Amino acid sequence: MSTGIGARVKRKEDKRFITGKGKYTDDVRSENQAYAAFVRSPHAHAKIKGIDKSAALAMEGVIDVLDGHQLTGDGIGNIICGWAITSKDGSAMNMGAWSALATEKVRYVGDAAAVVIAETQALARIAAEAVEVDYEVLPAVSNAKKALADGAPEIHDNAPGNLIYDWEIGEEAATDAALSEAAHVTEMEITNNRLSPNPMEPRSAVATYDAAEEHYTLYTTSQNPHVARLVLSAFYQVAPEHKLRVIAPDVGGGFGSKIYIYPEEITCLWASMKTNRSVKWTSDRSEAFITDAHGRDHISTAKMGFDADGRITGFKVDTIANFGAYMSLFSSAVPTYLYATLLSGQYDIQNIHCNVRAVYTNTVPVDAYRGAGRPEACYLIERMMETAAREMGKDPSELRRANFVREFPHQTPVIMAYDAGDFDANLDQAREAADVAGFPARKEEAAKRGKLRGLGYSSYIEACGIAPSAAVGSLGAGVGLWESAEVRVNPVGTIEILTGSHSHGQGHETTFAQIVAERFSIPIENVSIVHGDTDKVQFGMGTYGSRSGAVGMSAIVKAMDKVEAKVRKIAAHVLEASEDDIVIEGGEVKVKGTDKAMGWHEVGLSAYTAHNLPPDMEPGLKESAFYDPANFTFPAGAYICEVEVDPETGVTEIVRFTASDDFGTIINPMIVEGQVHGGIAQGIGQAMLEQVVYDDDGQLITGSYMDYTMPRAADLPFYDVHHASTICPNNPLGMKGCGEAGAIGSPPAVINAITDAIGSNTLAMPATPHAVWSALQAAQ
Ligand code: MCN
C-alpha cells in the first residue's frame, strides 16, 4: 500500500493517543513539584488597594504568596502585542500595560492579582481563597460599542475613549462614489459572536529553575514553543534564551488559543526561581473560560453596491472589534491584516474600503481563534451576497458567478494577490453533490410535514501561511513567518525530521513522514518527526494560520533537496556513475538502466563511515533549511447547507452539509477530511450554539458548559466533503492549508440556509431555537 503523497495513511500518532499513552504537560511531575493557584479578580474593573496574604501564608504547606509588585520589582516585563498597527492618522496603537500579575488595577473577571505556591494543588486553591484583596470596584464596560460611547469607563490611561487604533484600508472616496452610483445597495449590520476556544486539553505549565545552572525549563501547552521562548526572553526578561528550554509535548488541541504567552506561564517561571521549586499550574474548565483568549466579537455595518447586471461595484465596511482588557500577542493583526484584506472574497471588486476600530473592554482578551479574522470577513461577505441576491430577485449562486474572479494572479484592492483558484469548479461540484436541482421537491415534501426547508451557500476564500516575512514586517509584524526543518539521515538509513511546526491534533507525525518516505523510497515507519522542544529543534515559528503544510512541509522539502543532492554525489562516487543517472526508488539508490545499486541504508552508512566519499565531501548526512514563502496560499471552496426548521419551536436540523474545497495538492485525504469535518463542526457551533455572554457589568454569564453550548455529536450532520483542487504555484508541493477552512466557510452557509427557510433575514448567530422562533414570529 502506498504511503506517499495522496495516500490515506492512518495517523501514526493515534496509537499513543487512543491507548492513553500521550504525554501532556500535566503528566510531567518533577521531584520537587509545587503547585500554583491564582488569586483571580471577581470584579471586571477594580483598583487594588491592598493584599492581605497573612491567612494564606499561615497555612501549613503554603510555600509563598507572590504579587504583581514583586513580579515587576524583579524586572519581569509587561505582556506585549507583537504586531504594531498604525492608525489612519499616523499614530501608534494605544497598548495598555499588562502585567502577568496585576499591580494597580484588575481589568476583567479572572485577572490575577496574586499567586499562591503550595505543596498540593488542592491546598494552593484553598489558600488562594484565603488571600484577601482589598478592591475598590470601578464601573465596567463589556460591549465594544458602549466602550466607545462618551462617558464610558476608561480601562487604560493611555487609551482615551478605550480606542486602541482607528485603522483603514482601501480607497474611501472611490468606494463611496461607486456606492452612490450603484443600481442596488444592500446594507446590513452584522455581529460576529464572541467564542471561547475550548480545546480538549486545558492550558498547563510546569516551570523548573535550576539554580546551579541558572537555567529554566518550561513544559507548556504551546503551539509555538520557540516563539514562546523568544518572547519570554526578549520581552519579559524571564531568562536569556540560552538559559531557557521550552517544551510543548503532546498538546490536546489549541485552535489558536495556545499561540499566546499568557500570564500563567510567565508567573510559573518566575515563581520557580523565587521558591526554588518546580511550579505547576493546570487550568480547569472554569478557569479556561475566564482566562483563555476568546475569539471573534465584531460589530460591523456594511454596504455593497451592484450594477444592473448584478456586478459588485463597491463594498464599504465599518467594524468595531472588541479586544477585551488587554492586547494579546497577535490580537491587533486579526481584525486588520487577517480580516479586512479578505473582504474581496471570491469576487472581482474594484472598490473596497474598510475602517476598523479596536476597543478595550472589561472582558477576557480576544485574539486569533480558528480562522482568525477570515471567518468574520467570510461571514460578512457571504451574508451580504445571499441577502443581495434575495433583494434583487437573483439566484444566489448565479449572483456569485457573475462576480467570481476567473483570471489569476488577481490583485484585490485590499493587498491580497490571489495566485490560483477555480471558484466555478467548486460551486459546480458542491451544487451537484448537494442535489440543488432536487431541492424544490424536498422543500415541498418537508412543507407537507409542517417543516420549513432552506438552502444556503457560502463561497469562501481564505489566506493561510502568512508570508513573506519582509512583507509582513513592513505591515507591522514583530516576527518573520518562515519555517525551518532539519532532515537527519541516521547511519542505518532511518530518518528524523526536526520541524519548527507544532502538531496539536493535525497529524503532522503522519503527513510529514509521508512526504519523506515517498521522496527517499523508504518505509514510513523509518521516519520520525521531532517537534515541540527548543533544545532539539533549531528554531521554528510554530503552528497557526494553517501554515504547517504550505510553509513547514516546504522547509522539509528544501532540506530534502539538499540531502538528495548529497546522496546522489555519494552514490555516483561509490557506483562509479554520473550523478545525473542516479535514481532513488524501491528502497535503493540506483544507476538508471543498470543493475548497479546501493541500499538506502548503505548510502547512510557510507556518509557516516566516510571511508569512501568523494574528495572534499564532509562526512554525515543531515541538512537543514529555512523556507520563507513568496506569498500566502489561498484555499477556497463552496459550502451548501440544507436545513429543516420546526416553525412551532424554532428547532433547526441540518439535514445536509456539502463541501467542495480547493486545498491544492492533498497529502493525506483522510487527515484533510478530518480537518474539514472539525472545522465545519466549529463553524456550526458558532452559527447555532456557541456564544460568550457578559452582562453589562462585565460578569461572564457563560462560564461553564451549562451555559456555553459546545456542539455535540447529535447536533451535527454527516458531511459530504469533496475536493476540486488547483495547484498553489508558491510552494514546492503545491499545497494550500486546510486546517481552518471549515470554520471559515460554514457559518454563513448555515445562517443563509436558516434565513432562507424562515423567510426572515433578521437572524444573528447563534441561531438557537429561541432566536429562530423569534425571527420567524417577527417576520409574520
Ligand atoms: N494537509 C494535507 N494536504 C493539504 C493541506 C494539509 O494533507 N493540502 C495536512 C497537513 O499535512 C497537516 C494537516 O493537513 O497534517 C493540517 O495542515 P494545515 O492546513 O497546514 O494546518 P496546520 O497543520 O498548520 O494546523 C493549523 C490549523 C489551525 S490554524 C487551527 S486553529 C487548527 C487546525 O489546524 N487547530 C486544530 N486544526 C486543528 N485540529 C486539531 N485536531 N486541533 C487543533 O487545535
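Residues numbered from 1 in each chain as written. Predicted model: local features only at pLDDT ≥ 70, side-chain atom pairs only at ≥ 80, totals over all residues. Heavy atoms only, no water.

Undergrad: What exactly am I supposed to notice about the overall build of the chain here?
TA: Along its length, the chain carries 20 helices and 28 strands. For 780 residues, the compact-globule estimate of 2.2 N^0.38 gives 28 Å, and the C-alpha radius of gyration of the chain, at 27 Å, lies within 12% of that figure. Across its three principal axes, the chain shows a C-alpha extent of roughly 85 × 75 × 55 Å. Across the 780 residues of the chain, 62% fall into the buried class. Pairs at least 24 residues apart make up 80% of the contacts formed inside the chain by residues separated by at least 6 positions. Element-wise, carbon and sulfur atoms account for 51% of the exposed surface of the chain, whose accessible area totals about 27,800 Å². Positive and negative side-chain charges of the chain, numbering 65 and 101 respectively, have mean locations separated by a distance of 3 Å. (Helix = DSSP H or I, 4+ residues; strand = E, 2+ residues; numbered from the N terminus. Rg over C-alpha atoms; globule rule 2.2 N^0.38 Å. Buried < 20%, exposed > 50% of the residue type's maximum accessible area, 1.4 Å probe, protein only. Contact = heavy atoms within 4.5 Å. Areas by Shrake-Rupley, 256 points an atom, 1.4 Å probe, with all protein chains shown as cover. Lys, Arg positive; Asp, Glu negative; His and termini not counted. Charge placed at Lys NZ, Arg CZ, Asp CG, Glu CD.)

Undergrad: Please clarify how the packing of aromatic side chains should be interpreted in this entry.
TA: The geometry of an aromatic ring pair is captured by the separation of the ring centres together with the interplanar angle, meaning the angle of the planes. Per the stated rule, a full pass over the model turns up 23 aromatic pairs. Ring centres of W167 and Y337 lie 5.4 Å apart, and the angle between their planes is 80°; this geometry places the pair in the edge-to-face category. With W167 in strand β7 (residues 163–170) and Y337 in the loop between β14 (312–322) and β15 (352–359), this pair connects stretches of sequence that are 170 residues apart. Exposure class is identical for W167 and Y337. Each is buried. On the numbers, 6.4 Å between centres and 80° between planes, the contact of F657 with Y719 is edge-to-face. In this pair, F657 is assigned in strand β27 (residues 652–662) and Y719 in strand β28 (residues 719–723), connecting sequence segments 62 residues apart. The pair formed by F657 and Y719 is uniform in burial state, with each residue classed as buried. Linked through ring pairs, Y347, F404, F408 and F423 together constitute an aromatic cluster. Across the ring face of Y262, the terminal group of R203 is positioned such that the distance to the ring centre comes to 3.5 Å. (Phe/Tyr/Trp six-rings, centres within 6.5 Å; stacked < 30°, edge-to-face > 60°. Lys NZ or Arg CZ within 6 Å of the ring centre and 35° of its normal.)

Undergrad: Help me understand the site of the ligand in this model?
TA: Every one of the 33 residues lining the ligand counts as a neighbour, but G254, H508, S548, Q675 and C738 are closest to it. The backbone of G254 places a nitrogen or oxygen atom 2.7 Å from an oxygen atom of the ligand. The separation between an oxygen atom of the ligand and a polar main-chain atom of R547 is 3.1 Å. Notes on the ligand: free accessible area 840 Å², of which the protein chains cover 95%. Those elements that place two or more of their residues in the shell around the ligand are α15 (508–520), α16 (548–575) and α18 (669–689). The residue makeup of the shell around the ligand, split by class, is 10 nonpolar, 19 polar and four charged. (Near = heavy atom within 4 Å. Polar contact = N/O pair within 3.5 Å; in protein donor to acceptor, adjacent residues only side chain to side chain. Nonpolar A, V, L, I, M, F, W, Y, C, P; charged D, E, K, R; others polar.)

Undergrad: It is not clear to me how the sheet that holds strand β3 (residues 62–67) should be interpreted in this structure. Could you clarify?
TA: Strands belonging to one sheet form pairs held by backbone hydrogen bonds; the direction of such a pair is parallel or antiparallel. If you walk across this open sheet you meet the seven strands as β3-β5-β1-β12-β9-β10-β11, and the pairing is mixed. Here the strands that pair on one side only, and so sit at the sheet edges, are β3 and β11 (244–247). Pairwise comparison of adjacent strand axes, ignoring direction, gives a mean angle of 20° for this sheet. As paired elements, strand β1 (residues 33–40) and strand β5 (residues 112–118) share six bridges and run antiparallel to each other. Across the sheet, V39 pairs through a bridge with A114, a residue of β5. In the packing of helix α4 (residues 121–130) onto the sheet, contacts are made with β1, β3, β5 and β12 (278–282), and the angle to β1 comes to roughly 25°. Taken strand by strand, helix α8 (residues 263–275) contacts β1, β3, β5, β9 (204–210), β10 (215–220), β11 and β12, and its axis lies near 30° from that of β9. (Pairing = 2+ DSSP bridges. Axes fitted to C-alpha atoms, helices over the stretch in contact; angles between N-to-C directions.)

Undergrad: I'm lost on the side chain of N668 in this one. Help?
TA: Structurally, N668 can be placed in the loop between β27 and α18. By relative accessible area, which is 1% here, N668 ends up buried. The contact partners of N668, leaving out residues within four places of it in the chain, are A7, R8, V9, T510, T511 and Q514.

Undergrad: What should I look at first to understand the pairing of β15 in this one?
TA: The buried fraction of β15 amounts to seven of the eight residues, a majority that puts the element mostly inside the structure. Pairing of β7 with β15 involves seven bridges; the strand directions are antiparallel. For L163, the partnering residue across the bridge sits in β15 and is V359. The sheet contact formed by β14 and β15 spans eight bridges and is parallel.

Undergrad: I tried to follow unusual backbone geometry on my own but got confused; where do I start?
TA: One can expect most non-glycine residues to show negative phi and most peptide bonds to be in trans. Here F408 and P409 are connected by a cis peptide whose omega angle stands at 0°. Position of P409 relative to the elements: it lies in the loop between α11 (396–403) and β16 (410–411). A cis geometry characterises the amide bond from M765 onward to P766, with omega recorded as 0°. The topology assignment puts P766 in the loop between α19 (741–758) and α20 (769–779). In this structure, Q237 is a non-glycine residue whose phi angle is positive, near 55°. With respect to the helices, strands and loops of the structure, Q237 is situated in the loop between α7 (225–234) and β11. Classification of Q237 as partly exposed rests on a relative accessible area of 43%. With phi around 55°, E576 is a residue other than glycine that occupies positive phi space. Along the chain, E576 turns up in the loop between α16 and β22 (582–585).

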